[in-house]
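The primary structure of each chain is shown beneath.
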Amino acid sequence: MSFSGPTNYRREAAKAIRDKPEVRDSVTAATRTFDAHRVHAWGQIDADRWRDWARDVKTHVLTHLDEYLEQAERQLTSNGARVHWAESADDALTILGEIVREHGVKRVVKAKSMLSEELGVNRHLEGLGVHVRETDLGEYIIQLLDEPPSHIVGPAIHRSVDDCRKLFHERLGTPLDADPDELAAAARDALRAEFLAADLGISGANFLAADSGTIALIENEGNIRLSTSLPRVHVAFVGIEKIVPRLEDVSAFLQLTSRAATGQPIGNFVSLIQGPRRSDEVDGPEEVHVVLVDNGRTSLLADEAAWEALRCVRCGACLNICPVYRQTGGHPYGWTYSGPIGAIIAPGMLGLKEALPLPHASSLCGACVDVCPVRIPIPELLVHWREKAVEQGLTPRVETVGLKAYAKLARRPGLFSAAGAVLRRVPLGLGGRALPVLGGWMQERSAPKSSEKSFLQMWKEGIE
Amino acid sequence: MSARDRILGRVREALREKDSVEHPGNFEGWRPKTPRSPVDGLVHLLEAAGGEVVHQPNLKAATSWLVTFCGDFDSSAVGESVPEALRPPVPVATPDIAPLGVSVARGAVAETGSLIMDARDGRRAQLLVPTHVVFLRVEHVYATLREALLDMSDDLPSAIGLHSGPSKSADIGQILVKGVHGPGRLVAVLIGGDE
């Protein structure tokens, strides 16, 4: 099942909180654990200097992106990889379809890749009659459940052990009281057969080093190494913002990203892939295809403020700390990238009108900017998109009219105090939800109880 | 005009009004001084990540260790660069069915606790086996990952794997399980110090 788009965020978030309170428990527990690990891991390094450095490298890359893309293409080509350029999701899927046809591909194994989720790779392959299997354990769980991922790093964190027991009982025949080790062993067996039978492996990329043409991938299970080593063809989808100038720079990003995401010094498995199998090697893919994907990234780059969000390394730290994300997990955001980072890249990549509710899915508490390893000013960019929405007339008309009326009222003290006296007598708890503007606020909140006296009256009488 | 040219054109257009930012220079791995030697640092992190570490003073000792260790296994997959003295004394099996795999690491990284696995050694023997034994000369331990990558940059195979612990996952209810896809048991055998 794929996402329906961000436009229904408010309704979907309210529904999730009302109908699936257990999701909040699972997501909150998982994200608190991720974040505690990050805090511990950052305590072992001079995290401020690492983050300043990483911010500056990423900003440098973005301001020279055309040169580095050309360098990466040259280097990958000389390594024997084939480079493709995709302007849109459709382009990327067409390129994949051609590779599938050329090689008569019947079976695909996939390593976890948010870009492949963004592009809709699985549905496209199924449409071509290709059997496609997610191999990351979390991705495998949600593929069996026909759900999209709810977190960048932990796609199945909204699901409990009990959910997995029931699912694996039905699909893999494990006992209903199986422990996580038994469940993982059953998945390992099922997926091992998939690895050995697959013709094609699909991955994303955490980083692409321009000077060596190296695709760097971080993981803990080993499924990425297997997906990129066993099948005879490997296709890597790489967002154009994933470039890092030098392989030696990648050494730092691997560590900073791992520490930010899971609190490890580095993921237990890292793949550094230069190209296809060489003549002095006994195994590895015969062909490596690298698809450089735009799909809205150049639109985001063109924005005068939000382009900084392209520094993102997809560690999930801002999701983990976000009090709003923790209530619902990622599904209500209606898009591949949820949480604070999703809310600032969606308007640039999808269009502001399409993404509009998301910049409002935040209390602007600012916790996200404190944990971002590349120091993206997330709260500022949330406000940036809110302001743009007002400029472009995308906010509800009643809100604009209401605020203008308030501005007029506020300039006339007599009228202001009279209106206040009336409002204090409105039974907000009963009919408040029907009111314009305020009503929207009260859909998911209890109405405040009005004070007996206005602030001005209390001030005159002397406030304790 | 190709997709490539259109994308590069849009990138240049987007950057027209933006100031160029310089590369900040080399990553110096800023952190409080650690009292550990590179080898001790490597051992500490590998063990913390769930790996096992054995230290043998010389090749002869490593060979006898391997003979004892292989008592629990009836066959083994063997990496291409494993020298005669470190070939397990059990029948060779293909990695997809072998209960054990033996490889030689090209090097290791102290600051991340990683073993550097070269594709020329054979990837399947590094990945498909449930138990992975990796031999490493202590003089091949780099202090930092940056040093390691700089040193290898003029001799890169199709792929390098950094193995820093056994395969693990917490995707089922955030409970840690080992051996999900790659080896669930990683045994690093450090050789050297007394030849």
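As the structure is a computational prediction, the values presented were derived from the model and not from experiment.

A. Broad picture of the overall build of chain A. A count of helical and extended segments in chain A gives 24 helices and 10 strands. Rg of the C-alpha trace for chain A: 25 Å, near the compact-globule value of 23 Å for 464 residues, within the 12% margin. The principal-axis extent of the C-alpha atoms belonging to chain A is close to 90 × 55 × 45 Å. Scored against the burial criterion, the 464 residues of chain A give a buried share of 52%.

B. Highlighting the overall build of chain B. Assigned secondary structure in chain B consists of five helices and 11 strands. The C-alpha atoms of chain B give a radius of gyration of 21 Å, which is well past the 16 Å a tight globule of 195 residues would have. Seen through its principal axes, chain B has C-alpha atoms that stretch 70 × 40 × 40 Å. Sequence-distant contacts in chain B: of pairs separated by 6 or more residues, those separated by 24 or more amount to 65%.

C. Seen up close, the environment of Ala14 of chain B. Considering the arrangement of structural elements, one finds Ala14 of chain B in helix H1 (residues 3–15). Separated by 123 residues in the primary sequence, Ala14 of chain B and Arg137 of chain B place their C-alpha atoms 50 Å from one another.

D. Quick peek at the interface of chain A and chain B. Tallying the contact residues gives 77 residues for chain A and 61 residues for chain B. The leading source of residues in the side of chain A that touches chain B is helix H3 (residues 47–63) of chain A, at eight residues. Of the residues belonging to the side of chain A that touches chain B, the class tally is 36 nonpolar, 23 polar and 18 charged. Bridge count for strand S9 (residues 269–273) of chain A against strand S8 (residues 159–163) of chain B is five bridges, and the pairing is antiparallel. Within S8 of chain B, the residue paired with Ser271 of chain A across the bridge is Gly161 of chain B.

E. Summary view of the packing of helix H16 (residues 339–350) of chain A against helix H19 (residues 378–391) of chain A. Residues and elements named next belong to chain A. As a packed pair, H16 and H19 sit with axes 9 Å apart at the nearest point and diverge in direction by 40 degrees. Relative to H19, H16 is oriented oblique. In the crossing of H16 with H19, the sense of the turn from one axis to the other is left-handed. On the side of H16, the interface is formed by Pro340, Ile341, Ala343, Ile344 and Pro347, while H19 contributes Ile378, Leu381, Leu382 and Trp385. A breakdown of the residues in the contact of H16 with H19 according to their chemical character gives nine nonpolar, no polar and no charged.

F. How the structure looks around the domain arrangement of chain A. For chain A, the domain assignment lists domain 1 (47–297) and domain 2 (397–461). For domain 1 of chain A and domain 2 of chain A, the distance between their C-alpha centroids amounts to 52 Å.

G. Representation of the sheet that holds S8 of chain B within the structure. An order of S8(A)-S5(A)-S6(A)-S9(A)-S8(B)-S5(B)-S4(B)-S7(B) is seen for the eight strands of this open sheet, with the pairing classed as mixed. Of all the strands in the sheet, the pair left with one neighbour each is strand S8 (243–244) of chain A together with strand S7 (141–142) of chain B. Relative to S7 of chain B, strand S4 (residues 107–109) of chain B is paired through two bridges, and the arrangement is parallel. Looking at S7 of chain B, one finds that Val109 of chain B is bridged to Tyr142 of chain B. Running at roughly 15 degrees to strand S6 (residues 214–219) of chain A, helix H12 (residues 247–261) of chain A makes contact with strand S5 (207–209), S6, S8 and S9 of chain A of the sheet.

H. Main features of the environment of Lys449 of chain A. Residues and elements named next belong to chain A. Locating Lys449 in the fold gives a position in the loop between helix H23 (438–442) and helix H24 (455–461). What makes Lys449 exposed here is the crowd of 9 C-beta atoms within 10 Å. Placed 22 residues apart in sequence, Lys449 and Pro427 show a C-alpha to C-alpha distance of 8.4 Å.

I. Region of interest: H16 of chain A. Residues and elements named next belong to chain A. In this model, H16 (12 residues) spans 16 Å end to end at C-alpha, consistent with the 16 Å of a helix rising 1.5 Å per residue. Of all 12 residues in H16, 11 are buried; the element is thus mostly enclosed. Here H16 has its buried residues at Gly339, Pro340, Ile341, Gly342, Ala343, Ile344, Ile345, Ala346, Pro347, Gly348 and Met349. For H16, the elements touching its buried residues are helix H13 (297–302), helix H14 (317–321), helix H15 (325–328), helix H17 (352–355), helix H18 (367–371) and H19. Where H16 ends, the next residue or the one after it, Gly351, has phi of about 105 degrees, a positive value.

J. Molecular detail of the packing of H12 of chain A against helix H5 (residues 145–152) of chain B. Their axes nearest at 8 Å, the elements H12 of chain A and H5 of chain B cross at an angle of 150 degrees. Relative to H5 of chain B, the element H12 of chain A is oriented roughly antiparallel. Helix-helix and strand crossings are classified by hand; for H12 of chain A and H5 of chain B the assignment is right-handed. Between H12 of chain A, through Leu247, Glu248, Ser251, Ala252, Leu254 and Gln255 of chain A, and H5 of chain B, the contact on the second element is made entirely by Leu145, Arg146, Leu149 and Leu150 of chain B. Each residue belonging to the contact of H12 of chain A with H5 of chain B can be placed in one class, and the counts come to six nonpolar, two polar and two charged.

K. View of unusual backbone geometry. Residues and elements named next belong to chain A. Its identity is not glycine, yet Leu364 carries a phi of approximately 60 degrees, on the positive side. You can see Leu364 is positioned in the loop between H17 and H18. Residue class for Leu364 comes out partly exposed when judged on the 15 C-beta atoms lying within 10 Å of it.

L. Just the sheet that holds strand S3 (residues 100–104) of chain B, in detail. Residues and elements named next belong to chain B. Read from one edge of the open sheet, five strands run S1-S11-S6-S3-S2, paired in parallel fashion. Strands at the two margins of the open sheet, each flanked by one partner only, are strand S1 (52–56) and strand S2 (77–78). As judged from the two bridges shared by S2 and S3, these two strands associate in the parallel manner. Each residue of the ladder has a partner; that of Ala77, found in S3, is Gly101.

M. Region of interest: the confidence of the model for chain B. This prediction gives chain B a mean pLDDT of 96; 99% of its residues lie at or above 70. Confidence estimates for the predicted assembly give a pTM of 0.94 and an ipTM of 0.98.

N. Inspection of the pairing of strand S5 (residues 114–118) of chain B at higher detail. Residue and element names in this part refer to chain B. Among the five residues in S5, five count as buried, and that is most of the element. In S5, alternate side chains face the same way, and those of Ser114, Ile116 and Asp118 on one face and Leu115 and Met117 on the other are all buried. Relative to S5, S4 runs antiparallel, the two sharing three bridges. Bridge pairing in S5 places Gly107 opposite Ile116. Between the antiparallel neighbours S4 and S5 lie four residues, among them Gly113 with a positive phi of about 65 degrees. In terms of strand pairing, S5 meets S8 through four bridges, oriented antiparallel. Considered in S8, the bridge of Ile116 is made with Leu162.

Conventions used here
Residues numbered from 1 in each chain as written. Chains lettered and ligands numbered in written order. Predicted model: local features only at pLDDT ≥ 70, side-chain atom pairs only at ≥ 80, totals over all residues. Helix = DSSP H or I, 4+ residues; strand = E, 2+ residues; numbered from the N terminus. Rg over C-alpha atoms; globule rule 2.2 N^0.38 Å. Buried ≥ 20, exposed ≤ 12 C-beta atoms within 10 Å, placed from the backbone. Contact = placed C-beta atoms within 7 Å. Nonpolar A, V, L, I, M, F, W, Y, C, P; charged D, E, K, R; others polar. Pairing = 2+ DSSP bridges. Axes fitted to C-alpha atoms, helices over the stretch in contact; angles between N-to-C directions. Parallel < 35°, antiparallel > 145°, perpendicular 65-115°, else oblique. Left-handed = near helix turned anticlockwise from the far one by under 90°. Domains from an automatic or database assignment. Expected span 1.5 Å × (residues − 1). pLDDT = per-residue confidence, 0-100.

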